[in-house]
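# Architecture at a glance
The residues making up each chain are set out below.
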Amino acid sequence: MISDGYQNNCMTMANALFSIEYASVYNSVMKTRVSNSIFVGEILGQITMGLVCDYFGRKVALVATTLLIVVGSIIATAANASTLNGMFWMIIVARGIIGFGIGGEYPVSSTSAAEAANEAAQSLRAVLTIMVTEFPLAIGGPLSISIFLIVYEAASGLKHMSTIWRVYFGIGCVFPLIVFYFRLKLVTSKLYKNEAIKRRVPYVLVIRYYWRRILGTAGSWFVFDFVTYPNSIFSASIISEIVPDSATNLLKTGEWTLLLTSLAVPGVILGAYLYTKIGARNTQIIGFMGYIVFGLIIGCAYDKLVKIVPLFVIFYGIMNSLAQMGPGCMTIVASAESYATGVRGSLFGFSAAIGKVGAVVGTQTFTAIQTNLGKNWTFIIAAICGLVGVVVTFFCVPKLNGEDLMDEDARFHKFLVDNNWKGAFGNGEDTDSTIEDVEKVDTVVLSSKEIANP
């Protein structure tokens with residue numbers, strides 16, 4: 001997951017660098033193509049790997065995503081062609097491959113983390129899931145900017161710009177390679193062994209049973225990514241426009257961007273804490289309200305705030321921090337905990353993919369909004385999106401209280417039984433059971449609380 005934070009924030013500084021080094025070619029159209037390529041890859045990766053991790057297992061999908069990120073990073077680092085346009089198209093393809101890999105990480109890493117935490121420490125499952133998914137994703141932002149600044153200084157600034165971005169992209173190989181060995185040794189969770197559905201998946205029944213939750217997790221993720229990703233990718237461009245003499249001073253732009261991305265990290269820790277106190281739905285609502293409050297403050301007072309750069313960056317950072325605290329953390333938790341094990345990866349992947357559609361739409365329209373409506377409107381629209389997010393969350397996201405994931409499996413089993421589905425559960429390792437077997441178990445529809453307190 002740290003690869004997602006790193007790779008997306010790569011473009012934050014790479015966009016600023018490319019605009020200086022390749023100004024004649026790297027216009028707004030090419031910038032949008034390069035930025036969006038990773039999102040297109042992520043959408044395909046999230047859907048595909050969500051299905052793969054349900055059909056073939058979490059381990060197979062994790063190894064595949066790791067290899068894709070490594071291969072894509074190598075191609076991006078070595079990008080070359082007879083023309084600059086050709087080179088950028090090679091980068092677009094490479095970042096699409098990276099996107100496919102890191103997109104697959106969402107459903108695979110998050111479902112694996114939730115299932116492992118459910119077995120090891122159920123009461124801390126959501127906190128552990130957040131700390132091994134959203135937290136490294138958020139850390140990837142400031143880490144990416146920090147690495148850029150180190151490489152920038154080591155390469156003597158603008159004297160060797162090609163070296164800077166190639167080394168910067170190449171370092172993206174390191175993070176997936178670190179975990180590759182451990183993924184090869186990954187043990188399949190008991191939940192997946194017992195609850196996998198590999199044949200005759202009842203997708204029609206799945207949609208009937210989960211349609212409201214799908215609308216909640218996918219809808220809130222769309223709104224979050226629509227605002228967050230373009231604001232993240234183009235944050236350096238925003239800062240370079242308001243900080244004096246920073247248009248050609250990447251060091252100054254990078255320093256302010258580092259502060260901005262760092263302010264989002266405490267929000268993840270706060271989100272993990274609030275989940276244990278008020279639950280996922282309420283935490284997500286508070287986060288979306290941060291868009292409303294700070295989006296309106298920055299948008300309505302934009303012309304005055306840009307003259308006070310530290311205050312602008314702090315307000316901007318607090319808005320991002322509240323977003324990470326709310327939908328940033330809770331979209332992952334809600335998508336991992338709202339669905340039965342047999343379809344968890346697929347529905348998580350679908351929800352995340354809809355989120356990345358929001359990122360593509362937001363990135364595609366960001367420049368147009370600035371040009372046609374004014375720079376302040378990007379923040380006012382963020383406030384409007386915050387209101388939409390509150391409504392979607394309130395009506396469609398379930399109240400998650402940290403119950404055993406097996407309880408949701410039991411309820412889903414009962415629904416399948418009531419609708420005459422004939423199929424088998426299990427991943428083929430001597431755990432297969434038919435729906436008739438499930439019917440024979442009197443306690444299958446009892447929650448863990450009911451079993452503990454008959």
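Residues numbered from 1 in each chain as written. Predicted model: local features only at pLDDT ≥ 70, side-chain atom pairs only at ≥ 80, totals over all residues. Heavy atoms only, no water.

## Topic: the overall build of the protein chain
Selection criterion: Helix and strand definitions here come from DSSP, where helices need a minimum of 4 consecutive H or I residues and strands a minimum of 2 consecutive E residues; each element is numbered from the N-terminal end. Only protein chains enter the accessibility calculation, which uses a 1.4 Å probe. A residue is then buried if its area is under 20% of the maximum for its type, exposed if over 50%, and partly exposed in between. Only heavy atoms enter the contact rule, under which two residues are in contact if any of them lie within 4.5 Å.
Each helix and strand in the protein chain was counted, giving 20 helices and two strands. Buried positions account for 58% of the 454 residues belonging to the protein chain. Counted over contacts in the protein chain with a minimum sequence separation of 6, partners at least 24 positions apart contribute 83%.

## Things to note about unusual backbone geometry
Positive phi values are uncommon outside glycine, yet arginine 200 reaches one of about 55°. A relative accessible area of 57% means that arginine 200 is categorised as exposed. With a phi angle near 60°, asparagine 420 is a residue other than glycine that sits in the positive phi range. Looking at where asparagine 420 falls in the secondary structure, it is placed in the loop between α18 (405–418) and β1 (424–425).

## Section: the packing of helix α1 (residues 2–21) against helix α4 (residues 84–120)
Which entries qualify depends on this criterion: Inter-axis angles, ranging from 0 to 180 degrees, are taken between N-to-C directions of lines fitted to C-alpha atoms, where helices are fitted over the stretch in contact. To sort the angles, those under 35 degrees are grouped as roughly parallel, those over 145 as roughly antiparallel, those from 65 to 115 as roughly perpendicular, and the leftovers as oblique. When the near helix sits turned anticlockwise from the far one by under a right angle, the crossing is termed left-handed; a clockwise turn instead gives a right-handed crossing. Gly is put with the polar residues, along with every residue not named as nonpolar or charged; the nonpolar set is Ala, Val, Leu, Ile, Met, Phe, Trp, Tyr, Cys and Pro, and the charged set is Asp, Glu, Lys and Arg.
Where α1 contacts α4, the two axes come as close as 9 Å, and the packing angle between them is 155°. As far as their axial angle goes, α4 and α1 are roughly antiparallel. For the pair α1 and α4, the crossing hand works out as left-handed. Contacts between α1 and α4 involve Ser3, Asp4, Gln7, Asn8, Cys10, Met11 and Phe18 from the first element and Phe88, Ile91, Arg95, Ile98, Ile102 and Tyr106 from the second. The class makeup of the residues in the contact of α1 with α4 is eight nonpolar, three polar and two charged.

## Digging into the packing of aromatic side chains
Heads up, the rule is: Each aromatic pair joins two rings of Phe, Tyr and Trp (for Trp, the six-membered one) with centres within 6.5 Å, and gets the label stacked for planes under 30 degrees apart, edge-to-face for over 60, and tilted for any other angle.
Across all of its chains, the model carries 30 aromatic pairs by this definition. Seen in terms of ring centroids, phenylalanine 18 and phenylalanine 169 are 6.5 Å apart; in terms of plane orientation they differ by 75°. Their pairing is edge-to-face. Within this pair, whereas phenylalanine 18 is found in helix α1, its partner phenylalanine 169 is found in helix α7 (residues 161–170), the two being separated by 151 residues in sequence. Phenylalanine 169 carries the same exposure label as phenylalanine 18, and that label is buried.

## Structural notes on α4
Put simply, the test is: To estimate the expected span of a helix, subtract one from its residue number and multiply by 1.5 Å. Values of bend correspond, residue by residue, to the angle between axes fitted over the seven residues ending at that residue and the seven starting there.
Along its 37 residues, α4 runs 52 Å from first to last C-alpha, staying within 8% of the 54 Å computed at 1.5 Å per residue. Where α4 bends most, the angle comes to about 30°, and this point is glutamate 105, followed within four residues by the proline proline 107. Within α4, 26 of the 37 residues are buried, leaving the element largely enclosed by the surrounding structure.

## Points about the nonpolar core
How we decide: Residues grouped as a nonpolar core are buried Ala, Val, Leu, Ile, Met, Phe, Trp, Tyr and Cys residues, joined through side-chain atoms within 4.5 Å.
With 44 residues, the main nonpolar core has Tyr106 and Phe312 as its most contacted residues. The set of elements that each furnish at least two residues to this core consists of α2 (28–55), α4, α10 (203–233), α13 (265–300), α14 (302–305), α15 (309–337), α16 (341–373) and α17 (377–396). Once residues lying within four places of it in the same chain are set aside, the contact partners of tyrosine 106 are Met1, Asp4, Glu42, Gln46, Leu137, Trp221, Tyr229, Phe348, Ala352 and Lys356. If you look at the next biggest cluster of nonpolar residues, it comprises 34 residues, including Tyr6, Cys10, Phe18 and Phe175.

## Thoughts on the environment of tryptophan 221
On the secondary structure map, tryptophan 221 appears in helix α10. Look at tryptophan 221 and you get buried, because its relative accessible area is 2%. With 106 residues separating them in the primary sequence, tryptophan 221 and proline 327 have C-alpha atoms 7.1 Å apart. Sequence-distant contacts of tryptophan 221, defined by excluding residues within four places in its chain, comprise Tyr106, Thr331, Ile332, Ser335, Phe348, Ser351, Ala352 and Gly355.

## Section: the confidence of the model for the protein chain
To keep things clear, this is the line we draw: On a range of 0 to 100, pLDDT expresses the predictor's confidence in each residue.
With 90% of its residues at a pLDDT of 70 or more, the protein chain shows a mean pLDDT of 85. Predicted confidence in the protein chain is weakest over helix α20 (residues 448–452), with a mean pLDDT of 41, and strongest over α17, with 94. With pLDDT under 50 throughout, residues 436–454 is counted as low confidence; its partners more than four residues away or in other chains account for 16 contacts.

## Points about the side chain of glutamine 46
For the record, the criterion: Here a polar contact means two N or O atoms within 3.5 Å. Within protein one must be a hydrogen donor candidate and the other an acceptor candidate, and residues neighboring in sequence count only if both atoms are side-chain atoms.
Topologically, glutamine 46 is positioned in helix α2. On the basis of relative accessibility, which here comes to 0%, the residue glutamine 46 falls in the buried class. A polar contact is formed between the side chain of glutamine 46 and the backbone nitrogen of alanine 353, at a distance of 3.0 Å. In this structure, glutamine 46 is in contact with Gly103, Gly104, Tyr106, Pro107, Gly349, Ala352, Ala353 and Lys356, ignoring residues within four places of it in sequence.

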